[in-house]
Amino acid sequence: MSQPALSSIHVHPLKAVRGHAPREAVVEPWGLAGDRRWVLVGADGKIVTQRPHPRLALAAAEQLPGGGVRLSAPAMDPLSVEVPEPRETTTIEVWSDKVEAVPADRAAHAWWSAYLDTEIRLMHLDDPATRRPIDPAYARPGETVSFADGYPLLLTTLSSLDALNSLIAQGDHADEGPLPMNRFRPNVVVSGTPPWAEDDWSRIAIGDVAFRITKKSGRCVVTTTNQQTAERGKEPLRTLARHRRFGDQLCFGTNLVPESTGTMRIGDPLSILE
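Cut-off values and rules
- Residues numbered from 1 in each chain as written.
- Predicted model: local features only at pLDDT ≥ 70, side-chain atom pairs only at ≥ 80, totals over all residues.
- Heavy atoms only, no water.
- Phe/Tyr/Trp six-rings, centres within 6.5 Å; stacked < 30°, edge-to-face > 60°.
- Buried < 20%, exposed > 50% of the residue type's maximum accessible area, 1.4 Å probe, protein only.
- Lys NZ or Arg CZ within 6 Å of the ring centre and 35° of its normal.
- Core = buried A, V, L, I, M, F, W, Y, C linked by side-chain atoms within 4.5 Å.
- Helix = DSSP H or I, 4+ residues; strand = E, 2+ residues; numbered from the N terminus.
- Contact = heavy atoms within 4.5 Å.
- Arc of directions from axis to C-beta.
- Polar contact = N/O pair within 3.5 Å; in protein donor to acceptor, adjacent residues only side chain to side chain.

S.K.: Just checking my understanding: could you explain the packing of aromatic side chains for this structure?
M.R.: In this structure the tally under the stated criterion is six aromatic pairs. On the numbers, 4.8 Å between centres and 80 degrees between planes, the contact of Trp111 with Trp112 is edge-to-face. Take Trp111: its relative accessible area is 8%, and that puts it in the buried class. Taken together, the aromatic side chains of Trp111, Trp112 and Tyr115 make up a single cluster linked through ring pairs. Cation over ring: Lys216 sits above Phe246, and NZ or CZ is 4.6 Å from the ring centre. It is Arg244 that lies over the ring of Trp196; its NZ or CZ is 4.1 Å from the centre.

S.K.: What exactly am I supposed to notice about the nonpolar core here?
M.R.: Side chains of a nonpolar character, in soluble globular proteins, are inclined to be buried together. One finds Leu14, Leu40, Leu56, Leu71, Val81, Trp112 and Leu122 to be the most contacted residues of the largest nonpolar core, which totals 22 residues. Contributing elements (two or more residues each) for this core: strand 4 (38-42), strand 7 (69-73), strand 8 (76-81), helix 1 (106-116) and strand 11 (120-124). It is helix 1 that contributes the most residues to this core, five residues altogether. In this structure, Ala25, Val188, Ile204 and Phe211 belong to the second largest nonpolar core, which totals 20 residues.

S.K.: Would you take a moment to explain the environment of Met123 for this structure?
M.R.: You can see Met123 is positioned in strand 11. For Met123, a relative accessible area of 0% puts it in the buried group. For Met123, the contacting residues outside a window of four places in its chain are Arg37, Trp38, Val39, Val41, Thr90, Ile92, Ala101, Val102, Pro103 and Phe147.

S.K.: Would you mind going over helix 1 with me for this structure?
M.R.: Think of an α-helix as 3.6 residues a turn; residues three or four steps apart then line up on the same face. Here helix 1 has its buried residues at Ala108, His109, Trp111, Trp112, Tyr115 and Leu116. Across the axial projection of helix 1, the buried residues extend over an arc of 160 degrees, all falling on one side. In helix 1, the exposed positions that point more than 90 degrees away from the buried face belong to Arg106 and Ala114. Considering only its buried residues, helix 1 is in contact with strand 4, strand 5 (47-48), strand 7, strand 8, strand 10 (97-103) and strand 11. Of the residues flanking the start of helix 1, the one acting as N-cap is Asp105, its side-chain oxygen 3.2 Å from the backbone nitrogen of Ala107. Positive backbone phi, approximately 60 degrees, marks Asp117, located one or two places after helix 1.

Rendered as structure tokens:
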């Protein structure tokens with residue numbers, strides 16, 4: 001087995017849509033710089049994701065200088081959205097959390113409403129240092145997270161994906177595999193580890209940046225969504241249910257909280273600290 005190393009980095013400026021894969025990224029206390037600082041909400045103020053709207057897989061948000069995003073989607077003219085000026089915030093719901101966020105301009109709301117054919121607003125996280133604490137069961141005082149599902153970063157490994165795809169190939173829906181890593185929407189992907197080695201880590205470092213492992217990542221129907229076509233199948237949830245069930249969750253990948261900040265680069269070594 002080769003030395004574990006950082007194989008790829010993934011930043012999703014807008015939660016639930018396609019992001020980009022830079023060669024390096026700055027690690028901030030609440031996640032990768034620019035990652036999931038924007039979110040869509042419905043008329044009820046609750047977040048909108050690929051769970052009810054798989055067509056979001058076909059849309060993309062490109063990071064712009066200054067933190068804005070350039071939006072694109074099938075049959076839509078691209079739209080550039082600037083970070084909104086600080087003003088009165090709106091309370092939105094991110095799963096079980098009530099979070100203050102700043103609405104984008106009306107053109108952005110109209111763009112998304114037209115694409116999804118329902119009332120949608122685009123919201124920006126103006127102050128990630130204070131707005132959304134991490135679940136206190138897994139956090140230290142003052143630790144916060146962006147609009148990510150629950151934790152600042154998600155890590156997956158190439159060997160675990162290979163192992164999962166081998167299991168899928170033996171199952172009833174073998175024709176759906178092999179699955180690409182983008183089904184799991186990670187922030188960092190690591191090479192050079194044994195399959196499922198991440199289950200046993202407590203603390204790691206990628207280059208000079210240290211992280212604490214919080215918990216395995218429970219997976220949902222988004223993983224069954226083809227990120228190129230928006231079509232849904234049965235895998236990987238069928239196979240995870242047979243081989244990777246932990247309590248009531250089907251798990252792939254692990255969640256990280258930064259213990260330091262700095263810049264990660266593809267090829268940086270991964271060290272197991274605990």
